[in-house]
Amino acid sequence: MKKVLLLFLMFLCIPACANELTEDYLDIATNYCTYGKYSDAMVYLDKILQIEPQNSEVKELKNTLLRVLNPDIQSYLTSTNQNLKNAYSYKKTGDRKKQINTLALMPDDYWANYFLAEYYRENDLDKAIYHYQKAIELKPNYSQSYLGLAKTYIDNKQYQNAVETLNKYMTFNKNSDIAYALRAKAYMNMNYLSDAYDDIKKALKTEENISYLLLEAKILYYKGNYDDAREKFNLLSRNIQTSEVYKFIGLCDYAQKDYKNALLNFDKAIILSDDDKTLNSTYNNIKQMLDKK
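Residues numbered from 1 in each chain as written. Predicted model: local features only at pLDDT ≥ 70, side-chain atom pairs only at ≥ 80, totals over all residues. Heavy atoms only, no water.

J.: Just to check I follow, could you spell out the packing of aromatic side chains for this structure?
T.: To describe a pair of aromatic rings, one takes the distance between the centres and the angle between the planes. All chains considered together, the criterion is met by 16 aromatic pairs. Each ring, one from Tyr-187 and one from Tyr-192, has its centre 6.1 Å from the other, and the planes form 50 degrees; the classification is tilted. In this structure Tyr-192 comes out as partly exposed when scored by relative accessible area, which is 43%. Consider the rings of Tyr-222 and Phe-248, whose centres lie 6.0 Å apart with planes at 85 degrees: the pair is edge-to-face. With Tyr-222 in helix α14 (residues 210–223) and Phe-248 in helix α16 (residues 243–255), this residue pair connects regions lying 26 residues apart in the sequence. A connected cluster of aromatic rings, assembled from ring pairs, spans Tyr-110, Trp-111, Tyr-114, Phe-115, Tyr-132 and Tyr-142. When the ring centre of Tyr-44 is taken as reference, the NZ or CZ atom of Lys-47 above it lies at 5.7 Å. (Phe/Tyr/Trp six-rings, centres within 6.5 Å; stacked < 30°, edge-to-face > 60°. Buried < 20%, exposed > 50% of the residue type's maximum accessible area, 1.4 Å probe, protein only. Helix = DSSP H or I, 4+ residues; strand = E, 2+ residues; numbered from the N terminus. Lys NZ or Arg CZ within 6 Å of the ring centre and 35° of its normal.)

Right, here's the structure in full:
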């Protein structure tokens, strides 16, 4: 049902609102829903209705939100589509095989393809891409499918495809911080670092969350701005003590030839996770170099 809500939000982003202020409010509500903050989203829907009390689409959207917030109310989709209802029941009981088989009975149904794509994102990226593309083919104006497809392209390292898909998504949701952040990630991996930095700054202007701040720091590192990058990673380490954060702090130290601190930070990173073999190799090289002094 949460997915259904988010889809409704995205679908209504362009036609629902008549002026820039209400468009901004709807964009904020959309972002809140992305993070599951439905009560906060409701506040901005109410703000829209204060300005446009006859906005039927936002009224419908608010009713959808109320359904999500009340777990005793049955989803509209599952109440009108028996196969979707069965698939939802199988999901609740943990019978994933029957859930997927039931959804597969509806090859030309948008929702079946969307839910299959969401399922396969966890275990088969090629199948996820196929079902997102099929969903888009069936309903090209349902923008949430583009976002899911872009995320899957990034996970599958198809960064140019991700950028093109996000560009399409942003024709529906021009101020989406999630889209800007995802496009920044794709650009970073394509080494288009100026474009990546511009996009992550736009994302942070709307929502200053940790994942965006982490991406900004990485982009600064890859741009060669080691002082700024290290400062940001160091600030992040106060809230998130992960191997990745300490690794990048160490990489900044290493790039600036501060080998002792690089070794200390690599050591922290390796203690937290020793999966990165290149990090182990760099750590050993620095250690050997310092031992010779």
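Next comes the rest of the description.
J.: Just to check I follow, could you spell out the nonpolar core for this structure?
T.: Here is a general trend for soluble globular proteins: nonpolar side chains tend to be buried in one another's company. Counting 49 residues, the largest nonpolar core has Leu-103, Ile-200, Tyr-212 and Ile-219 as its most contacted members. The biggest single contributor to this core is helix α12 (residues 177–189), with 9 residues. Beyond its immediate chain neighbours, meaning those up to four positions away, Ile-219 contacts Ala-184, Met-188, Leu-193, Ala-196, Tyr-197 and Ile-200. Core analysis: the second largest hydrophobic core is formed by 24 residues, Phe-233, Phe-248, Phe-266 and Leu-290 among them. (Core = buried A, V, L, I, M, F, W, Y, C linked by side-chain atoms within 4.5 Å. Contact = heavy atoms within 4.5 Å.)

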